[in-house]
Amino acid sequence: MRKFVVFFVILPLLIACEGNRVGTGIIIDKTTNKPVDSVKYFHIERDPYILYTDSTGKYYVEGPFGGCMRDCLDFEAEFSKKGYKTIKLINPDGDIYLEQE
């Protein structure tokens, strides 16, 4: 009986698509390898507000967790700054290199 209960309690948690994923890192100029400040970024599907990197190029973005199943959606974020090419990344995490136009 115990295994039966555990199976039906744990299984929904493993296949659920609920939760949050967090991405952090530094935006870096691809040519100079220096941090880029004031890069505009946001979660494309969800965030109604725009965030900017700080003076050291750090960003923090979060979105829905991808889940354990293939059909769960990941999240996409956009990073842009005047003079640089805009990039869109799925589940961004870690350092990101922006290329000048």
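What you see is a predicted model; the values in this text were computed from it and never measured.

S.K.: What am I meant to see in the nonpolar core here?
M.R.: Within soluble globular proteins, side chains that are nonpolar tend to cluster in buried spots. Residues Ile27, Val36, Val39, Tyr41, Tyr59, Val61, Phe75, Ala77, Phe79, Tyr84, Ile96 and Leu98 constitute the largest nonpolar core, which totals twelve residues. Elements with a minimum of two residues in this core: strand E4 (58-64), strand E5 (76-80) and strand E7 (96-98). Excluding its chain neighbours within four sequence positions, the residues that come into contact with Tyr59 are Gly23, Thr24, Gly25, Ile26, Ile27, Tyr41, Thr53, Phe79, Pro92, Asp93, Gly94 and Ile96.

S.K.: When you look at the pattern of salt bridges in this model, what are you seeing that I'm missing?
M.R.: As a working rule, side chains carrying opposite charge can pair if their charged atoms are close by. Evaluation of the coordinates by the stated rule reveals four salt bridges. Between Glu99 and Lys30 there is a salt bridge whose closest N-O contact spans 3.9 Å. Residue Glu99 is located in the segment after E7, and its partner Lys30 is located in the loop between strand E1 (20-29) and strand E2 (40-43); the two are separated by 69 residues in the primary sequence. Measuring nitrogen to oxygen at the nearest pair gives 3.3 Å for the salt bridge that ties Lys81 to Asp37. Remark: Asp37 occurs in the loop between E1 and E2 and Lys81 occurs in the loop between E5 and strand E6 (87-90); sequence separation between them is 44 residues.

S.K.: Looking at this structure, I do not really get unusual backbone geometry. What am I missing?
M.R.: One non-glycine residue, Ser38, lies in positive phi territory at about 55 degrees. Relative to the helices and strands, Ser38 resides in the loop between E1 and E2. Relative accessible area serves as the criterion here: at 39%, Ser38 is assigned to the partly exposed category. With phi around 50 degrees, Asn91 is a residue other than glycine that occupies positive phi space. With respect to the secondary-structure elements, Asn91 resides in the loop between E6 and E7.

S.K.: What is the right way to look at the sheet that holds E2 in this model?
M.R.: Across a sheet, strands are paired by hydrogen bonds formed along the backbone, either parallel or antiparallel in direction. Spatially, the four strands line up as an open sheet ordered E3-E2-E5-E6, and their pairing is antiparallel. Both outer strands of the open sheet, strand E3 (51-52) and E6, are each paired with one neighbouring strand and no more. As paired strands, E2 and E5 are joined by four bridges and run antiparallel to one another. Residue His43 lies in a different strand from E5, and its bridge partner there is Ala77.

S.K.: Teacher, can you tell me more about the packing of aromatic side chains here?
M.R.: The description of an aromatic ring pair uses the distance of the two centres, along with the angle that the planes make with each other. By the definition in use, this model includes three aromatic pairs. Between Tyr41 and Phe79, the ring centres sit 5.7 Å apart and the planes meet at 20 degrees, which makes this aromatic pair stacked. Taken together, the residues Tyr41 in strand E2 and Phe79 in strand E5 connect sequence positions 38 residues apart. Both residues of the pair, Tyr41 and Phe79, belong to the buried class. Here the aromatic cluster, defined as three or more aromatic residues joined through ring pairs, consists of Tyr41, Tyr59 and Phe79.

S.K.: Explanation requested: the environment of Thr31 in the structure shown.
M.R.: Counting through the fold element by element, Thr31 comes out in the loop between E1 and E2. Through-space distance from the C-alpha of Thr31 to that of Gln100 is 7.8 Å; in sequence the pair is 69 residues apart.

Rules and cut-offs
- Residues numbered from 1 in each chain as written.
- Predicted model: local features only at pLDDT ≥ 70, side-chain atom pairs only at ≥ 80, totals over all residues.
- Heavy atoms only, no water.
- Core = buried A, V, L, I, M, F, W, Y, C linked by side-chain atoms within 4.5 Å.
- Buried < 20%, exposed > 50% of the residue type's maximum accessible area, 1.4 Å probe, protein only.
- Helix = DSSP H or I, 4+ residues; strand = E, 2+ residues; numbered from the N terminus.
- Contact = heavy atoms within 4.5 Å.
- Salt bridge = Lys/Arg side-chain N within 4 Å of Asp/Glu carboxyl O.
- Pairing = 2+ DSSP bridges.
- Phe/Tyr/Trp six-rings, centres within 6.5 Å; stacked < 30°, edge-to-face > 60°.

Bear in mind that shape data such as this cannot, by itself, settle questions of function.
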